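The residues making up each chain are set out below.
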Amino acid sequence: TTMPEYKLMYFNLQARAELTRLCFAYGGIAYEDDRIEGTWAERKKEMPGGQVPVLLVDGKPLTESLAMARYIAKQAGLVPKDDLQAAHCDAIVDTLNGMMPDIYQKVIFGKLEPAEKQKLLKEDLVPNKFNPVLNRLNERLSNQDWFLSDMVTWADIAISFMFGKVAEHYPTLLNDYPHVKKVVDNVQALAPIKQYISTRPKCN
Amino acid sequence: MPEYKLIYFNMQGRAELARWCFAYGGIPYIDDRIEGVNWAERKKEMPGGQVPVLMVDGKPLPESLAIARYVAKQAGLVPKDDLEAAGCDAIVDALSGIMAEVYQKVLMSKAEPAEKQRIMGEEIIPNKINPFLNRLNERLSTREWFISDKTTWADLMVAYVVGSLSAKLPGLLKDYPSVSKHVQKVESLDSIKKWISTRPLTPI
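Computed from a prediction, not measured in an experiment: that's the story for all the values here.

Quick notes on empty space enclosed by the protein
Part 1 of the argument: Taken as a whole and judged by the stated rule, the model has 4 cavities of 30 Å³ or more.
Part 2 of the argument: Looking at the largest cavity, its volume works out to about 120 Å³.
Part 3 of the argument: Every residue lining the largest cavity is counted, 15 residues in all, and those nearest its centre are A:L19, A:L66, A:N97, A:M100 and A:M162.
Part 4 of the argument: When residues of the lining of the largest cavity are traced back to their parent elements, those giving at least two are α1 (18-27), α3 (65-75), α4 (83-97) and α7 (154-169) of chain A.
Part 5 of the argument: Class assignment of the residues belonging to the lining of the largest cavity gives a composition of 10 nonpolar, 3 polar and 2 charged.
Part 6 of the argument: By volume, the second largest cavity is sized at about 70 Å³.
Part 7 of the argument: B:G13, B:R14, B:L17, B:S64, B:L65, B:A68, B:S96, B:M99, B:M157 and B:Y160 together form the lining of the second largest cavity.
Part 8 of the argument: Looking at the lining of the second largest cavity, the elements with two or more residues in it are α3 (64-74), α4 (82-107) and α6 (153-168) of chain B.

Structure (structure tokens):
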């Protein structure tokens, strides 16, 4: 069977498109990485609901960042066949995705001074939002290599992306969570991911 | 079949889609509704201190949409085709976002009634709900169900969320006759009709 033609449309940003891009990379699946700069007011009219990301599959639009990430993850062999295992991956990805506003709106694009952002991270976001998730993940990962034990899934890719992103702004984040750090590092070390990370456009 | 227990508050909210899927599939489960006074105690059992949680043979699965998608699969409500499944995910995610905004800013907010009406009438309905209803209405002009040629969990989610909103806001669907007909059609399915008429009566 021939592969569909894929075009991923988003800003020149990681945020809500990066999980999909990482899954494309893992699967070695070709796609057009359309990064919208400066012409948003015009391009917005093309998008169902006026939002991005949008994934065109043979020219037909698929909306919603996690719907498209899950779809590409399946094409890349990153979604388990067992329904319950797939559900556990869905659950952790949903939880991690819930951290996106904290990371992007409050920290990366927030209007606070850098020192105030660090204070927000240290006194609120890290202890209240991120550590509880890190704690549970660290325990789960203490006896196994990947979130689902013996296979890499899009859950591991999401863990690596999200916590890797926070750690860029809060370097000590994973100090107390070595098993999570292991997954963050091991995903980044996978050959196709490493290759993608080293060549992707530099952006937030 | 596994033993299922769905744990949530005594309300529809984020558990109702899973309950509709259980009903559609004729799948037995314990519908464990936590009363407010018991929440502080019960919270400790829940991964991440949140509900809903679905116990599957005694093991917890968190995250409302991961739960609903899993139950939907057991009930035959998720298409086998990956792209069609993604189309369902996109509709469910969009409606989940709309529902979350309505719950947070209106239904469970402490704002004055007049302010709630303003937010609903001047922001949420014109900016979020109507554009989405427009796209749903258009899609139904050429098909019977939203995705593929049979009922999916996306159809149930539309009926649940749009049905609930329209019950609280008469006239919401006056410009979207196909959506209105579709909501009625889903609500009239034997299994759904039975659930709606026998479920515990709660305001939301």
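There's more to say after this.
So, the UniProt feature "domain: GST C-terminal" (unreviewed entry) in chain A
Part 1 of the argument: Under the local residue numbering, the UniProt record ascribes the feature "domain: GST C-terminal" (unreviewed entry) to residues 82-204 of chain A.
Part 2 of the argument: Secondary structure content for residues 82-204 of chain A is 72% helix and 0% strand, and the end C-alpha separation is 35 Å.

Topic: the UniProt feature "domain: GST N-terminal" (unreviewed entry) in chain A
Part 1 of the argument: This chain's UniProt record puts "domain: GST N-terminal" (unreviewed entry) on residues 4-80 of chain A.
Part 2 of the argument: The distance separating the terminal C-alpha atoms of residues 4-80 of chain A is 22 Å; by composition the span is 32% helix and 25% strand.

Examining the side chain of A:D94
Part 1 of the argument: With respect to the helices and strands, A:D94 occurs in helix α4.
Part 2 of the argument: Nearest to the buried, unbridged A:D94 among oppositely charged side chains is A:R70, at 4.8 Å.
Part 3 of the argument: Residues in contact with A:D94, not counting those within four places in the same chain, are A:L66, B:E63, B:L65 and B:A66.

Some points on the UniProt feature "domain: GST C-terminal" (unreviewed entry) in chain B
Part 1 of the argument: Look at the UniProt record and you will see "domain: GST C-terminal" (unreviewed entry) annotated at residues 81-204 of chain B.
Part 2 of the argument: The span residues 81-204 of chain B carries 73% helix and 0% strand; its end-to-end C-alpha distance comes to 34 Å.

Re the packing of helix α6 (residues 114-140) of chain A against helix α8 (residues 178-189) of chain A
Residue and element names in this part refer to chain A.
Part 1 of the argument: The geometry of α6 relative to α8 is characterised by a closest axis approach of 7 Å and an angle of 85° between their N-to-C directions. Compared by their axis directions, α6 and α8 come out roughly perpendicular. In this structure, α6 uses L134, L137 and N138 to contact α8, whose residues at the interface are P178, H179 and V180.
Part 2 of the argument: Here the residues of the contact of α6 with α8 sort into 4 nonpolar, 2 polar and no charged.

Points about the pairing of strand β1 (residues 6-11) of chain A
All names here are of chain A.
Part 1 of the argument: Examined bridge by bridge, β1 and strand β3 (residues 54-57) share 4 bridges and lie antiparallel to one another. By the bridge assignment, K7 is partnered in β3 with L56.
Part 2 of the argument: Here β1 pairs with strand β2 (residues 32-36) via 5 bridges, running parallel. The residue bridging Y10 from the neighbouring strand is R35, located in β2.
Part 3 of the argument: For the crossover from β1 across α1 to β2, the handedness is right-handed.

Cut-offs and rules
- Residues numbered from 1 in each chain as written.
- Chains lettered and ligands numbered in written order.
- Predicted model: local features only at pLDDT ≥ 70, side-chain atom pairs only at ≥ 80, totals over all residues.
- Heavy atoms only, no water.
- 1 Å grid on protein atoms, 1.4 Å probe; cavity = no way out; pocket = protein on both sides within 12 Å on 5 of 7 lines; lining within 4 Å.
- Points joined across faces, edges and corners; volume = space filled by probe spheres on them.
- Helix = DSSP H or I, 4+ residues; strand = E, 2+ residues; numbered from the N terminus.
- Nonpolar A, V, L, I, M, F, W, Y, C, P; charged D, E, K, R; others polar.
- UniProt positions renumbered as here; feature names shortened; annotations may be inferred.
- Buried < 20%, exposed > 50% of the residue type's maximum accessible area, 1.4 Å probe, protein only.
- Lys, Arg positive; Asp, Glu negative; His and termini not counted.
- Salt bridge = Lys/Arg side-chain N within 4 Å of Asp/Glu carboxyl O.
- Contact = heavy atoms within 4.5 Å.
- Axes fitted to C-alpha atoms, helices over the stretch in contact; angles between N-to-C directions.
- Parallel < 35°, antiparallel > 145°, perpendicular 65-115°, else oblique.
- Pairing = 2+ DSSP bridges.
- Right-handed = clockwise from strand over helix to strand, strands pointing away.

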